[in-house]
Every structure is written in C-alpha cells, then in structure tokens.
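These are the residues of each chain, in order.
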Amino acid sequence: MDKLIFGRYIPGTSWIHRLDPRAKLLATMFFIIIIFLANNWQTYLLLLLFTLLAVKLTDIKFSFFINGVKPMIWLILFTVVLQVLFTSGGETYFQWGPIMVTSQGLLNGVFIFCRFVLIIFMSTLLTLTTMPLSLTDAIEYLLRPLTKLKVPVYEIALMLSIALRFVPTLMDETEKIMNAQRARGVDFGEGNIFQQMKAIVPLLIPLFVSSFNRAEELATAMEARGYQGGEGRTKYRQLHWQTSDTIVMLTFAVLTGALIFLRN
Amino acid sequence: MKKVTYDARTIAVIGLLIALDLILTHLFAIQTPIVRISFGFLPSAMIGMLFGPWTAGIAGALADLAGIFLFGGSGAYFPGFTLSAFLGSFFYGFYLYKKPKTWGRVILTVLVITLVVNLGLNTLWLVIMYDQAARVIVPTRLLQNLIVAPIRVLMIHYIANHPRLRSVVKLDDGETIKR
C-alpha cells in the first residue's frame, strides 16, 4: 500500500473541471442510461465522437483514461468473444456445433466493446475531474427532494463526507497496526489462503476499535463546535450553477434526440 | 424510516465504518486464483447490528458510491450494484439488529444475502450488462459464493461476539458507543 496516491482526482482548470459537480454527475448518470439506446454503428459512432470530445476537453492525458479500462480489459474481451461466438444472424462465416461466427455476432462484439469502453471513459472522466467531496455536495443537492419523504439527506451527505475524509486516516492507522503485527512476526500476503486469513483477523479488531475511538473523538469535536443537525447548516463549499452547466444539459438533450433519431 | 436519531455520534460512527468498509473492500483482499476475499462486509454487518436495516442499507449504498468516487469502483459503473449494496446491508440490519448474534441467525443472514443479492440480483445485473458472457460468469460466481459464504459466517460471528469489541460498543440493544 503506497503512500496516498489517493483518489483519482487530477487537479486542473479545464472547462470540464470548472463545471458544476451536479451537472457532471447528472450528465454521467444520464450517459450510462442513454448508451443503452445505441444499437447500430451510427449511434455508437456518435457516442464515441461525443466521448472523445469530452475527453479532449478535460486536458488530461489520454493514458489516464486507458488506465481506467485496463483492469477490466480481460472481462471485456471475454465478453466480446462470447458475444461473437454465440450470436446468430446475418452471414455465417464459421460454424461448429453451437459455436459460430456470424456478421451479426461480430457487429454485436464491436458494439459491446464500445459500450464498455465508453461507460468506463465517462465514469473515469467524472472521477478524474471532480473532487470526491464536490461529488458528495452534488449528491446532497440532488437528493434534497427526498427530505420531504423524511429521508435524512443532510445526515447522509455528512456521513459520506466523513467516510471520504477518513479513508486516508484509517489507511495510515492500518499501516501502523500492520507494522506492529509484523514486528511480532506476522507475514502478510504469504502462505495459503488460511494462513493469509489468520494474518488478517488480528488486524480487524484493532481497526474496528480504532474506528470507534476516532468516531467518538470526531463526535465530541462536532458537538463542541455546535453541530446540531442538517437543516439550515451553512456551507464551506458553495455550488454555483453557470451557463456552461446549462449548455452541458442542453447538449445531452440534443444527443439523446439524435440517438433516438438514428437508432434502428 | 426506523427511528434512529442521527446525532453527531451516530453520524460519526457510520461515517468511520463506511471508511473502514472502503479500505477493507478496495485495499485489503486476499487474492487467490479462484476468489478474491475481501472483508468489506464486516463494517456493513456492524452498521446493521448497531443501527438497523434502513440505516445500514443507506450506508451500504454510500460505500458503493464512495468506492466509485475514490477508486473508480471495479470498472464500469452500473446502478444495479448500488441497489445490491443497499439490500445486502439492509439484510444485515434486518436479521441482526437488536437480535442475539447466534450461529443460526448469522448463517440465515449470510444465506439470504448470498441467495437473494449475490446470486439473484447480481446475476440479473450481469445478464443485463454482459449478455452472453453471463453464462460463463454466473457459474464461476456460484463457486466463489460457495467459498466465501462460510468465511462470512465465521467472520461475522467472530466480530459480533468479540469481547474486546463488545467492551467498546453495545451490539445488542442498538445503542452506539458505551460511555
């Protein structure tokens, strides 16, 4: 566990970076839905061009986006191969029992591949250009209507912020406990599965105890600063919806229209 | 929504447990050729035992989202898995909140989660996402769950009845931290 190359956010001042996190979150979620509208090469091409344009606008090196795909690449290729081998329809190039390679299958393979890569690119784009805490603010804002249904939205958002904030702290804590155990002769990540499990168990209890202790300290600090629930709490980070955010929303509306028009 | 009052203490405990969930899910896992065993389910189960199903469900969904914010999740985001995360944690609360943490109960909980969430819902999501490939992914997942479920039962029972932890939190009557 290397020292905090933490989160995936890459600071920057590109047009995409400066967008309101609410706009980015909405747009990304919307993209993942409308990608299922694409069903022919025109629609996929359109989405591909759109995604590449968005990637270009981030001013982030393309390799970061490729890195987002890497951990998934085997699963994706595997999916593509199966899609190719088990889809019938169109011209048949090869057949052996239930296994066949058809024009429809090849086409579907390419489409599935595109779908994956595009979804990964878009979600990578969101997390590379938006700070986790900004995303939490966006979620809080977007969930706000649920307060009417007595859902504790402010509290939920605060829990998420605390979680994001304390991941690095607990990581350090974990490292300390691991070192303490190492000093007593424990080998982490070695031996068979049972030995590995046995090495991890003595980590868990101290981790839980230390989480509870930190929570206790944090709660005391919150109360000392007069925390008394969500409604009417003022904010350190303010969100500002700007024209460029409206433009993003409109662009997505146009994109959806185009997809519906172009799809089969 | 069950009556859990979200005071500073509750919020802090849940926040920290979600952070622990993230660390155990994304940074600590035992990788074997067949399965990846992570312990992210333990903080979820803990939240369930402490605060009941609804709060645990929300915390589960939050942990899933935060995982995506911080670590990019496990690649492609699909909202179905957030729902699965909600339900999984919900069941921990449903069966273990203010209940004795006996072997029978823990086994029941893990069984329900494995069948309904891991094998039921998640299979559905995989079919939606991967189409044909689900045919091959689902059997391997069946095997994985067969291996992981007993480990979950052992670990949850261990954590729930651990004397050191019991000295810090009250797990039976739903109150948070012993003063």
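Residues numbered from 1 in each chain as written. Chains lettered and ligands numbered in written order. Predicted model: local features only at pLDDT ≥ 70, side-chain atom pairs only at ≥ 80, totals over all residues. Heavy atoms only, no water.

- As recorded in an unreviewed UniProt entry, chain B goes by the name ECF transporter S component, folate family, listed as coming from Pisciglobus halotolerans.

- Naming follows an unreviewed UniProt entry, where chain A appears as Energy-coupling factor transporter transmembrane protein EcfT of Pisciglobus halotolerans.
- Turning to chain A, the UniProt annotation filed under Subcellular location (unreviewed entry) states: "Cell membrane".
- Here chain A is described in UniProt, under the heading Subunit (unreviewed entry), as follows: "Forms a stable energy-coupling factor (ECF) transporter complex composed of 2 membrane-embedded substrate-binding proteins (S component), 2 ATP-binding proteins (A component) and 2 transmembrane proteins (T component)." (UniProt positions renumbered as here; feature names shortened; annotations may be inferred.)

1. Structural notes on the overall build of chain A
No. 1: Within chain A, the regular secondary structure consists of ten helices and two strands.
No. 2: Shown N-terminal to C-terminal, the secondary structure of chain A runs as helices and strands in the order α-α-α-α-α-β-β-α-α-α-α-α.
No. 3: Relative to the globule expectation of 18 Å for 264 residues, the C-alpha radius of gyration of chain A, 24 Å, shows a markedly less compact shape.
No. 4: Based on the C-alpha atoms only, the size of chain A along its principal axes is roughly 70 × 55 × 40 Å.
No. 5: Counting only residues that meet the buried cut, chain A has 47% of its 264 residues in that class. (Helix = DSSP H or I, 4+ residues; strand = E, 2+ residues; numbered from the N terminus. Rg over C-alpha atoms; globule rule 2.2 N^0.38 Å. Buried < 20%, exposed > 50% of the residue type's maximum accessible area, 1.4 Å probe, protein only.)

2. Regarding the interface of chain A and chain B
No. 1: In this assembly, 62 residues from chain A lie in contact with 61 residues from chain B.
No. 2: Here chain A meets chain B over a buried area of about 5600 Å², counting both sides, of which 84% is carbon and sulfur.
No. 3: Of all residues in chain A, Met-159, Phe-208 and Phe-212 of chain A give up the largest surface area on contact with chain B, accounting jointly for 13% of the area buried on that side.
No. 4: Where chain A touches chain B, the interface holds two salt bridges.
No. 5: For the salt bridge of Arg-9 of chain B with Glu-223 of chain A, the shortest nitrogen-to-oxygen distance reads 3.8 Å.
No. 6: Counting across the chain A and chain B interface gives one residue pair in polar contact (both at pLDDT 80 or more). (Contact = heavy atoms within 4.5 Å. Buried area = accessible area lost by both parts, 1.4 Å probe. Salt bridge = Lys/Arg side-chain N within 4 Å of Asp/Glu carboxyl O. Polar contact = N/O pair within 3.5 Å; in protein donor to acceptor, adjacent residues only side chain to side chain.)

3. Section: the nonpolar core
Nonpolar side chains tend to gather and get buried jointly when the protein is soluble and globular.
No. 1: Counting residues in hydrophobic clusters, the biggest one holds 94 residues, and the most contacted among them are Phe-212 of chain A together with Phe-39 of chain B.
No. 2: Top contributing element to this core by residue count: helix H9 (residues 193–224) of chain A, with 15 residues.
No. 3: Excluding anything up to four places from it in sequence, Phe-39 of chain B contacts Met-197, Ile-200 and Leu-204 of chain A together with Leu-24, Phe-28, Ile-30 and Met-155 of chain B.
No. 4: By size, the runner-up hydrophobic cluster in this structure holds 46 residues, among which are Ala-27, Ile-76 and Val-117 of chain A together with Tyr-130 of chain B. (Core = buried A, V, L, I, M, F, W, Y, C linked by side-chain atoms within 4.5 Å.)

4. Some words on the confidence of the model for chain B
Residues and elements named next belong to chain B.
No. 1: Predicted confidence across chain B gives a mean pLDDT of 84, with 88% of residues reaching 70 or more.
No. 2: Within chain B, helix H2 (residues 41–51) carries the highest mean pLDDT (93), whereas strand E1 (residues 29–31) carries the lowest (75).
No. 3: Interface confidence for the predicted complex, expressed as ipTM, amounts to 0.88; the pTM equals 0.84. (pLDDT = per-residue confidence, 0-100.)

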